[in-house]
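Here's the letter readout for the chains.
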Amino acid sequence: MSQTEQREQAVRARRRLRFLVVALVVAALLFGVPWWVLVAGGQDWPGWVVALGSAVFLAGAVALPYSMTKGRRSDRAAVVGDVLLGVTWVLFVWSILGALAELVLVLAGVDDPTRSRVVAAAVVVVAAVLLAHGHHEAMRVPRVRRTEVHLPRLGPGLDGVKLVLLADTHYGPIDRSRWSARTTAAVNALDPDIVAHAGDIADGTPAQRLTQSAPLGDVRATLARVYVTGNHEYFNEAQGWLDRMSELGWEALHNRHVVVERGGSRLVVAGIDDRTAPSSGLPGHQPDIATALAGTDPDLPVLLLAHQPKQITTAVEAGVDLQVSGHTHGGQIWPFHLLVRLDQPWLQGLTRLNERTHLYTSRGAGFWGPPFRVFAPSEISLLVLRSTPVG
């Protein structure tokens, strides 16, 4: 074995060790806090209850990193890990809030074990309700969220154009083929002019998610169906997903554009790769707005597809009129949106950056990982483009 190969092996071994250490620390926190609040923190449960509860939490703490590691190769393991992660996150958050509530009960003069038992019961009930509702929210067909976007440079012939935005479908280890077909039907019912998919189409390769992605071929639009890659495509054959969407009849906007026209007015519809594309090592994959807009008429308004909202910086510099994005999921499981905001300043909805440039960030149609959505409902975004000024 050469020295280069030995160094590469050593680097991979260090990465695996770091991942294992981080996973164990995270698991200890995620399971340890609920264990204390529900089982061992002053509730004075019978010994068998403490033993059983402790065994359940210990098993979960071991199973989570194991199943998530195995989930890279097994859909079944991925589902177990994803569900565990979602359940544990909700229990962790509400256990912290329960501990704060317990301080209030202390000030109110409520003694243990009554105080700790009341808090434990409340945490379990709230978590159970939120998880049941959150699973329903994640698995249902997204509701339509209608927004009017006023673009001063939009020609009158395009006034009222209906742009339907899908993002973050995340076809994954849970087979959602029926969901995909029903979501397509919901999109078609809107009679869209343009349908845009803003990336993170799936967790898996095109071959793995062939059945789930097939209904996208039935999406109808009078002017254009366009798609760009998200960061998750770069974990799972990004070029393959570009090819797959082309097979399904979509315009794969890999740093390129198309021009649509109605009533004598024209609109440039452009797309750029996700900002993580360069790290994938795929030749020619990187966000390149100059290439995407090359040869366009500077007097025409521009609609840009870019997966991550923070890509708006280059869009503003390029004079884009409207960027549509996804990626954030609106936080997906409260209060994860606080962490998302550290990376993405724009979480969801319409934002006006300046007199010319607008950004619309979708909460996404699907979900990543845990099959739950808590206080962050999914959406099919219906954007009605207006050429008239606001008001």
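Residues numbered from 1 in each chain as written. Predicted model: local features only at pLDDT ≥ 70, side-chain atom pairs only at ≥ 80, totals over all residues. Heavy atoms only, no water.

Right, let's get into the sheet that holds strand β12 (residues 379-386). In space, the 6 strands of this open sheet follow the order β1-β12-β2-β3-β4-β5, with mixed pairing throughout. Two strands lie at the open edges of the sheet, namely β1 (143-150) and β5 (251-252), each paired on one side alone. Inspection of the sheet shows strand β2 (residues 161-166) paired to strand β3 (residues 194-197) by 4 bridges, in the parallel sense. Within β3, the position partnered with L166 by the bridge is H197. (Pairing = 2+ DSSP bridges. Helix = DSSP H or I, 4+ residues; strand = E, 2+ residues; numbered from the N terminus.)

Mapped onto the elements, S67 comes out in helix α2 (residues 47-70). In this structure S67 comes out as buried when scored by relative accessible area, which is 5%. S67 sits 14 residues away from G81 along the chain, and the two C-alpha atoms are 4.9 Å apart. (Buried < 20%, exposed > 50% of the residue type's maximum accessible area, 1.4 Å probe, protein only.)

With that settled, consider the side chain of T361. Position of T361 relative to the elements: it lies in strand β11 (residues 358-361). Overall, T361 belongs to the buried group, its relative accessible area being 1%. Non-local contacts of T361, meaning those with residues more than four positions away in its chain, are made with P309, S325, G326, T328, W346, L347, Q348 and G349. (Contact = heavy atoms within 4.5 Å.)

Looking at where D112 falls in the secondary structure, it is placed in the loop between α3 (75-107) and α4 (114-139). Taking relative accessible area as the criterion, D112 reaches 35% and is therefore assigned partly exposed. Linking D112 and G41, residues 71 residues apart in sequence, is a C-alpha distance of 9.7 Å. Once residues lying within four places of it in the same chain are set aside, the contact partners of D112 are G41, G42 and E102.

A few words now on the layout of surface pockets. Here the largest pocket is characterised by a volume of approximately 1700 Å³. Forming the walls of the largest pocket are 44 residues, and the residues nearest its centre are M68, L85, H232, W368 and G369. Every element with two or more residues in the lining of the largest pocket is listed here: α1 (3-40), α2, α3 and α10 (337-343). The residue inventory of the lining of the largest pocket, partitioned by class, reads 19 nonpolar, 17 polar and 8 charged. (1 Å grid on protein atoms, 1.4 Å probe; cavity = no way out; pocket = protein on both sides within 12 Å on 5 of 7 lines; lining within 4 Å. Points joined across faces, edges and corners; volume = space filled by probe spheres on them. Nonpolar A, V, L, I, M, F, W, Y, C, P; charged D, E, K, R; others polar.)

Right, let's get into the pattern of salt bridges. As enumerated under the stated definition, the model contains 17 salt bridges in all. Between R115 and D112 there is a salt bridge, and its shortest N-O distance comes to 3.0 Å. Judged by relative accessible area, which is 14%, R115 ranks as buried. The closest approach of N and O atoms between R262 and D193, which form a salt bridge, is 3.7 Å. With a gap of 69 residues between them, R262 in strand β6 (residues 256-262) and D193 in the loop between α5 (177-189) and β3 connect regions that are remote in the sequence. (Salt bridge = Lys/Arg side-chain N within 4 Å of Asp/Glu carboxyl O.)

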